[in-house]
Amino acid sequence: MRTTTFLFSALLLLAMGCNRQAPATFTVFSPAKKISVDVWLNADGVPAYRVAYNGKIALDSSLLGGFDLRDAPALHGGWRVKSHQTRDFSETWQPVYGQEKEILNHYQELTLNLEEQQAPNRLMNLVFRVYDDGLGFRYEIPAQPGLDSVIIMDENTEFKLSGDHLTWWQPGDWDIYEHLYSTTKFSEIDATSKRKHPDLAQTYIPENAVNTPVTQKTADLLYLVFHEAALINYSSMTLKVDKDGLKWMSELVGSPDDSKAKLKAPFHTPWRTVQIGEKAADILASRLILNLNEPNKLEDVSWIKPVKYVGIWWEMHLNKNSWDMASGRHGATTANAKRLIDFASANNIPAMLVEGWNTGWEHWIGFDDREGVFDFVTPYPDYDLDEVVRYGKEKGVGLIIHHETSAAPRTYEQQLDTAYALCRRLGVHAIKTGYVGTIIPKNEYHQGQWMINHFQKVTEKAAEYQICIDGHETIKGTGLQRTWPNFWSRETFRGQEFEAWSSDMNPPEHLTILPFTMGLGSGLDYTPGIFEIKFDKYKDKNQVNTTLAKQLALYVTLYSPVQMVADLPEHYEGNPALQFIRDVAVDWDETRVINAEVGDYVTFARKAKGSEEWFLGSITDEKPRDFQVKLDFLSPGATYTAQIYADAPDAHWDDNPTAVAISSQDVNNNTTLNLKLAPGGGVAVRFVKK
Ligand code: NOJ
Ligand code: CA
């Protein structure tokens, strides 16, 4: 770490035509000077900032309007700058798992220590961290007399846009992120029109606001992503659309008494983040969200292992069988689990998820009285948990235990110790959690402070018992996996399961938007690998809206340290494309974004952890595409065999989705590979050094 003051300058600007004292503007440059941020107090003593990227306006003058408080005057304006500090921070850190083995965290930081000019002279700090790929800033309330407990009724942070940008957005739902993304101009965002959805067990969209990450492209070709990092003990931020003011306004998720966050000083908000790039690929390469989180707090991480996994899962979504036993079609039987273990073991897949193993599923969706129903230690009588674990160990397949909380977090919290102690006894290190339904108690929301504290408690308790969490219907990723790497992956977006039962299935472009939105905050447990694309035997009106080759490419284009091999074993039988899934890695030493455009296509090349093998995945939306990809990422002088799983010439996501052309050729780092992607298609390649 280096601390300097010379890179920072406090400039006195002339306030033209104004006879008050000229405001001091503090300017911070990113390390390579790509980004500059100006911060000042306006005439009312309210902090304001603006951001430029290589001379282009990224954000226009925006207010940092602080907080409305219950039973206290707002912390809003009337500030003076008491003092300020700057520092230049640089470190390289190694994630426990991830898209690369080393991450550079280099920023210039400015802290303004503010004091109210009038009594009671309260104090607040503003901290800015400016990187070459964006910035983060947060409010800090130091410990001070007379300001102990604080109830925040709202946070008033603005992001003023330089134009009516093209926006990839989903509605600001306080309860769920499983909406499709819309692509419109900022002025055309109409989130409340998404209030009715036939297939969401919970949804609450109070305003014309969006959930973050939200991504925009400006007319002068800047890409901007607004999000937050390190969301702890606070309420999630949605962004309200102010069309007249052409700005996003922070809007925090609420609670039963309409407050947004209850805190004790000292405290700080999560980082409010803006990632900025000149190419869409720059956004995918940005690690700003991770960098703004604290370092790993876990000492022993030997039990945290990225894995592929099979599951007693898709068969329930296809309605082949059921989670509950009373249906007479119970999926989670000992015999079925052993069948899955045999399949996993034969195909180099080290883990298996079993859903519907524990009592309570008869009283799940559609019931309001869900408190005390699920039991996280008692298996159904036809599922011998100990025997399944024993058999799995014999075959080298570890269990992922499922905890569907049915959004009754108090019931879950009461059982955390006993449930996790059971995992410890069994030697199980992984749990998939779920939160389907409206939260009990009423008017708490999945994304409010109360639930965020619940998710944090689960994460920390799980770490104590050496358990990794794959959280479904949980809180959006804000990079906390840097600090608690046992929070493995998430489903905080529309997953593949919707293809099995929803009336509005995921369109082909969905998968080209996820990496630019939810993929920026955490791993994505999308559950790829469906080979029986049409599954007419089970559901003739539903299907997966990709080609089979695109399903393979998703293992490379959607980053997650846990990747499902989601289809039924019988659907893989005899299909040579399964070889790619056997081979593909889930943890990486290096990642290159080869090409990308939001909502259109993405191509990644990734080098497997501790190996000389590279994998490439390329996917497109509904349009066919040809790409010429230079293989200059391969080691110079070496020859590789490229094993290519491409869409066949006549493949099409709807008309002919399963036609895959498998070929192999010798390549080196001078080779240019021609990739042909079918409509809704993709290509997956494995490069093996000869
Ligand atoms: C929703 C989850 O996303 C899905 O994966 C799971 O199977 C069901 N809930 C049941 O818990
Ligand atoms: Ca889900």
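About the cut-offs
- Residues numbered from 1 in each chain as written.
- Chains lettered and ligands numbered in written order.
- Predicted model: local features only at pLDDT ≥ 70, side-chain atom pairs only at ≥ 80, totals over all residues.
- Heavy atoms only, no water.
- Domains from an automatic or database assignment.
- Contact = heavy atoms within 4.5 Å.
- Polar contact = N/O pair within 3.5 Å; in protein donor to acceptor, adjacent residues only side chain to side chain.
- Nonpolar A, V, L, I, M, F, W, Y, C, P; charged D, E, K, R; others polar.
- Helix = DSSP H or I, 4+ residues; strand = E, 2+ residues; numbered from the N terminus.
- Expected span 1.5 Å × (residues − 1).
- Bend = angle between axes of the 7 residues up to and from the residue.
- Buried < 20%, exposed > 50% of the residue type's maximum accessible area, 1.4 Å probe, protein only.
- Donors = N, O, S within 2.8 Å, 3.2 Å for Na, K, Ca; no water.
- Phe/Tyr/Trp six-rings, centres within 6.5 Å; stacked < 30°, edge-to-face > 60°.
- Lys NZ or Arg CZ within 6 Å of the ring centre and 35° of its normal.
- Near = heavy atom within 4 Å.
- Areas by Shrake-Rupley, 256 points an atom, 1.4 Å probe, with all protein chains shown as cover.
- 1 Å grid on protein atoms, 1.4 Å probe; cavity = no way out; pocket = protein on both sides within 12 Å on 5 of 7 lines; lining within 4 Å.
- Sits in = over half its atoms within 2 Å of the grid points.
- Lys, Arg positive; Asp, Glu negative; His and termini not counted.
- Salt bridge = Lys/Arg side-chain N within 4 Å of Asp/Glu carboxyl O.
- Core = buried A, V, L, I, M, F, W, Y, C linked by side-chain atoms within 4.5 Å.

Chemist: Where do I start with the domain arrangement of the chain in this structure?
Modeler: Where interface size is quoted, it is often the accessible area lost as the parts come together. The domain boundaries assigned to the chain delineate domain 1 (3-14 + 21-291) and domain 2 (302-492). Taken over C-alpha atoms, the centre of domain 1 sits 34 Å from the centre of domain 2. The partner domain 2 presents 34 residues to the 38 residues of domain 1 that form the contact. Our count for the contact surface shared by domain 1 and domain 2 stands at 20 residue pairs in polar contact (both at pLDDT 80 or more). Split by residue class, the side of domain 1 that touches domain 2 holds 20 nonpolar, eleven polar and seven charged.

Chemist: I tried to follow helix 6 (residues 409-426) on my own but got confused; where do I start?
Modeler: Along an α-helix, residues three or four apart share an orientation, since each turn contains 3.6 residues. Spanning 18 residues, helix 6 covers 24 Å between terminal C-alpha atoms, matching the ideal 26 Å at 1.5 Å per step. The axis of helix 6 is deflected most strongly, by about 55°, at L416. Within helix 6, burial applies to P409, T411, Y412, Q415, L416, A419, Y420, L422, C423 and L426. Each element contacted by the buried residues of helix 6 is listed here: helix 5 (385-395), strand 24 (398-404), strand 25 (430-434), helix 7 (449-464) and strand 26 (468-472). One or two steps after helix 6, the chain reaches G427, where phi turns positive at roughly 75°.

Chemist: Explain the coordination of the calcium ion (ligand 2) to me, please; I cannot follow it from the model alone.
Modeler: Coordination of the calcium ion (ligand 2) by the protein involves E178 (OE), E178 (OE), E473 (OE), E491 (OE), E491 (OE) and E497 (OE), with metal-donor separations of 2.3 to 3.2 Å. One chain supplies every donor for the calcium ion (ligand 2), spaced along it as E-x294-E-x17-E-x5-E. With E473 in the loop between strand 26 and strand 27 (487-491) and E491 in strand 27, this residue pair connects regions lying 18 residues apart in the sequence. For the residue pair E473 and E491, the accessibility class agrees, reading buried in each case.

Chemist: Honestly, the packing of aromatic side chains in this entry has me stumped. Any pointers?
Modeler: Applying the stated criterion to the full structure yields 35 aromatic pairs. Measuring from centroid to centroid gives 5.0 Å for F89 and Y107, while their planes differ by 20°, and the two rings are stacked. With F89 in strand 7 (residues 79-93) and Y107 in strand 8 (residues 103-116), this pair connects stretches of sequence that are 18 residues apart. Ring geometry for W313 versus W314: centroids 5.7 Å apart, planes at 25°, classification stacked. In this structure, W313 and W314 share a single accessibility class: buried. Here a set of aromatic residues connected by ring pairs shows up, and it is made of W323, W361, W364, F374, F376, Y412, Y420 and Y465. Directly above the ring of F498 sits R494, whose terminal nitrogen or CZ lies 4.0 Å from the centroid. In this structure, R606 is placed above the aromatic ring of F604, and the distance from its NZ or CZ to the ring centre is 4.3 Å.

Chemist: I would appreciate a short explanation of helix 5 in the present structure.
Modeler: Listed as buried for helix 5 are L385, E387, V388, V389, Y391 and G392. Looking at the packing, one finds that the buried side of helix 5 touches helix 4 (334-346), strand 23 (351-354), strand 24 and helix 6. One or two positions beyond helix 5, positive phi appears at G396, with a value near 75°.

Chemist: Quick question: what am I supposed to make of the site of ligand 1 here?
Modeler: As a structural note, the neighbourhood of ligand 1 is formed by 14 residues, with E355, E404, K432, H472 and E497 the closest of them. Side-chain polar atom of H317 to an oxygen atom of ligand 1: 2.9 Å apart, as the coordinates give it. Between E404 and ligand 1, the recorded distance is 2.7 Å, taken from a side-chain N or O atom to an oxygen atom. Burial of ligand 1 by the surrounding chains reaches 97%, relative to a free accessible area of 300 Å². Applying the majority rule of atoms within 2 Å of the grid points places ligand 1 in the largest pocket. Of the residues belonging to the shell around ligand 1, the class tally is five nonpolar, three polar and six charged.

Chemist: Please explain the environment of Q579 as it appears in this structure.
Modeler: By the element assignment, Q579 lies in helix 12 (residues 578-583). Linking Q579 and T183, residues 396 residues apart in sequence, is a C-alpha distance of 36 Å.

Chemist: Is there a simple way to think about the side chain of D647 in this case?
Modeler: Relative to the helices and strands, D647 is located in strand 33 (residues 640-647). Notably, D647 is buried but unbridged: the nearest opposite-charge side chain belongs to K550, and the N-O separation is 8.7 Å. Within the structure, the side chain of D647 is placed 2.7 Å from the side chain of T547, a separation counted as a polar contact. Of note is the side chain of D647, whose polar atom sits 2.9 Å from the backbone nitrogen of A678. The contacts of D647, once residues within four sequence positions are left out, are T547, A549, K550, A659, A661, K676, L677, A678, G681 and G682.

Chemist: Help me understand the nonpolar core, please; the structure alone is not making it clear to me.
Modeler: Note that soluble globular proteins tend to have their nonpolar side chains buried in a common cluster. Among the nonpolar cores identified, the biggest contains 177 residues, and W248 and Y420 are the most heavily contacted of them. Examining the composition of this core, we find that seven residues originate from one element, helix 6, more than from any other. Taken domain by domain, this core gets at least three of its residues from each of domain 1 (3-14 + 21-291) and domain 2 (302-492). Apart from the residues lying within four places of it in its own chain, the contact partners of Y420 are H403, Y412, I431, V458, K461, A462, Y465, I467 and I469. Counting 21 residues, the second largest nonpolar core, distinct from the first, contains L616, L634, V667 and F687.

Chemist: How do you make sense of the pattern of salt bridges when you look at a structure like this?
Modeler: Opposite charge on two side chains makes pairing possible when the charged atoms of those side chains draw close. Evaluation of the coordinates by the stated rule reveals 43 salt bridges. In this structure, K338 engages E387 in a salt bridge whose closest nitrogen and oxygen atoms are separated by 2.7 Å. Of the two residues, K338 sits in helix 4 while E387 sits in helix 5, which places them 49 residues apart along the sequence. Relative accessible area serves as the criterion here: at 22%, K338 is assigned to the partly exposed category. Close ionic contact of K690 with D666 constitutes a salt bridge, the shortest N to O distance being 2.9 Å.

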